[in-house]
Amino acid sequence: MAFATSPALTVGFDLDMTLIDSRPGIRACYQALSERTGTYIDADLAVTRLGPPLADELVHWFPEDEIAAVGELYRSMYPTIAVAATPALPGAREAIDAVRAAGGRAIVVTAKYEPNAKLHLEHLGMEPDAVIGDLWAEQKALALREHGAAVYVGDHTGDVRGARTAAAVSVAVATGPCSPEELTTAGADVVLGDLTEFPGWLAGYRPARA
């Protein structure tokens, strides 16, 4: 009886550098922000360390007391500059489809500002069951637990920490700034080259049941 009433599998996905290659759009947005504020930003360097919250990057270029205002400016510029320039990563749509085909739910849990995260997904025609933004690393466990996610897929060691904090299986993809070795050392249960390998992994996944 307990088996028959168990909830459907829920899989969480990170967004930047997991489902989408946000480097072109973010690079363009940082360049525009630099022009707007008159402050030098090395956009090429900034896009090599995507994952943490926006404020963690802005602190390299702006005084601490300006971070909040500059962050608001960046977010307001983002939709018209970054969204159309950002493609899906290989296998992203197929990964979400694989979860659905298995009778599960696919959610997105990201550190990105939630309205902008939704714009990316809408632009690319990807429709997860829920999108939760503004959560980084261990904070992601809040949403993963709330939605009962058994698996969390991400590209950063922060995503691994979020999965482990939520007691979810950590599936890491080496499509972001962290190497396979870094992801393994951080505690990832599985490391894939990219999301094209995810449907095959999911087909063999057997969730632990109480």
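In what follows, the structure referred to is the one given above.
Residues numbered from 1 in each chain as written. Predicted model: local features only at pLDDT ≥ 70, side-chain atom pairs only at ≥ 80, totals over all residues. Heavy atoms only, no water.

Draft legend 1. Summary view of the layout of surface pockets. Approximately 450 Å³ is the volume attributed to the largest pocket. Lining of the largest pocket is provided by 30 residues; of these, Gly-51, Pro-52, Pro-53, Leu-54 and Ala-111 occupy positions nearest its centre. Elements represented by at least two residues in the lining of the largest pocket include exactly helix H1 (23–37), helix H3 (54–58) and helix H4 (67–82). Classifying every residue of the lining of the largest pocket gives 13 nonpolar, six polar and eleven charged. (1 Å grid on protein atoms, 1.4 Å probe; cavity = no way out; pocket = protein on both sides within 12 Å on 5 of 7 lines; lining within 4 Å. Points joined across faces, edges and corners; volume = space filled by probe spheres on them. Helix = DSSP H or I, 4+ residues; strand = E, 2+ residues; numbered from the N terminus. Nonpolar A, V, L, I, M, F, W, Y, C, P; charged D, E, K, R; others polar.)

Draft legend 2. The arrangement of the packing of aromatic side chains in detail. For the structure on display, the rule yields six aromatic pairs. A ring pair is formed by Tyr-40 and Trp-61, whose centres lie 5.9 Å apart and whose planes are at 85°; its orientation type is edge-to-face. One end of the pair, Tyr-40, is in the loop between H1 and helix H2 (43–46); the other, Trp-61, is in the loop between H3 and H4, and 21 residues separate them in sequence. With a centroid separation of 5.7 Å and 50° between ring planes, the pair formed by Tyr-74 and Tyr-78 is classed as tilted. Of this pair, Tyr-74 and Tyr-78 both sit in helix H4, separated by four residues, roughly a single helical turn. Owing to a relative accessible area of 5%, Tyr-74 belongs among the buried residues under this scheme. (Phe/Tyr/Trp six-rings, centres within 6.5 Å; stacked < 30°, edge-to-face > 60°. Buried < 20%, exposed > 50% of the residue type's maximum accessible area, 1.4 Å probe, protein only.)

Draft legend 3. Here's a closer look at the pattern of salt bridges. Across all of its chains, the model carries ten salt bridges by this definition. With a closest N to O distance of 2.5 Å, Arg-27 and Asp-44 form a salt bridge. Remark: Asp-44 occurs in helix H2 and Arg-27 occurs in helix H1; sequence separation between them is 17 residues. Asp-44 gets classed as partly exposed once you look at its relative accessible area, which sits at 44%. The residue Asp-129 makes a salt bridge to Arg-100 at a minimum N-O spacing of 3.3 Å. Of this pair, Asp-129 sits in the loop between helix H6 (114–124) and strand S3 (130–132) while Arg-100 sits in helix H5 (residues 92–101); the two residues are 29 residues apart in sequence, bridging distant segments of the chain. In the salt-bridge network here, residues are joined through shared partners; they are Asp-14, Lys-140 and Asp-159. (Salt bridge = Lys/Arg side-chain N within 4 Å of Asp/Glu carboxyl O.)

Draft legend 4. A look at the sheet that holds strand S6 (residues 190–192). Reading across from one edge, S3-S2-S1-S4-S5-S6 is the order of the six strands in this open sheet, with parallel pairing throughout. This sheet does not close on itself; its edge strands, each paired only once, are S3 and S6. Recorded for the sheet is a direction-independent mean angle of 20° between the axes of neighbouring strands. Direction of pairing for strand S4 (residues 151–154) relative to strand S5 (residues 169–173): parallel, over a ladder of four bridges. Across the sheet, the residue bridging to Gly-154 is Ala-172, located in S5. In the packing of H5 onto the sheet, the strands contacted are strand S1 (10–13) and strand S2 (105–109), and the crossing angle to S1 comes to about 165°. In the packing of H6 onto the sheet, contacts are made with S2 and S3, and the angle to S3 comes to roughly 140°. (Pairing = 2+ DSSP bridges. Axes fitted to C-alpha atoms, helices over the stretch in contact; angles between N-to-C directions. Contact = heavy atoms within 4.5 Å.)

Draft legend 5. Layout of the side chain of Ser-170. On the secondary structure map, Ser-170 appears in strand S5. Beyond its immediate chain neighbours, meaning those up to four positions away, Ser-170 contacts Tyr-152, Val-160, Ala-163, Ala-188, Asp-189 and Val-190.

Draft legend 6. View of the packing of H1 against H4. Contact pair H1 / H4: the axes reach a minimum separation of 9 Å and the direction vectors enclose 130°. Considered as vectors, H1 and H4 are oriented oblique to each other. Seen along the crossing, H1 lies across H4 with a hand that is right-handed. Residue-level contacts link Gly-25, Ile-26, Ala-28, Cys-29, Tyr-30, Ala-32, Leu-33, Arg-36 and Thr-37 of H1 to Val-70, Leu-73, Tyr-74, Met-77, Tyr-78, Ile-81 and Ala-82 of H4. (Parallel < 35°, antiparallel > 145°, perpendicular 65-115°, else oblique. Left-handed = near helix turned anticlockwise from the far one by under 90°.)

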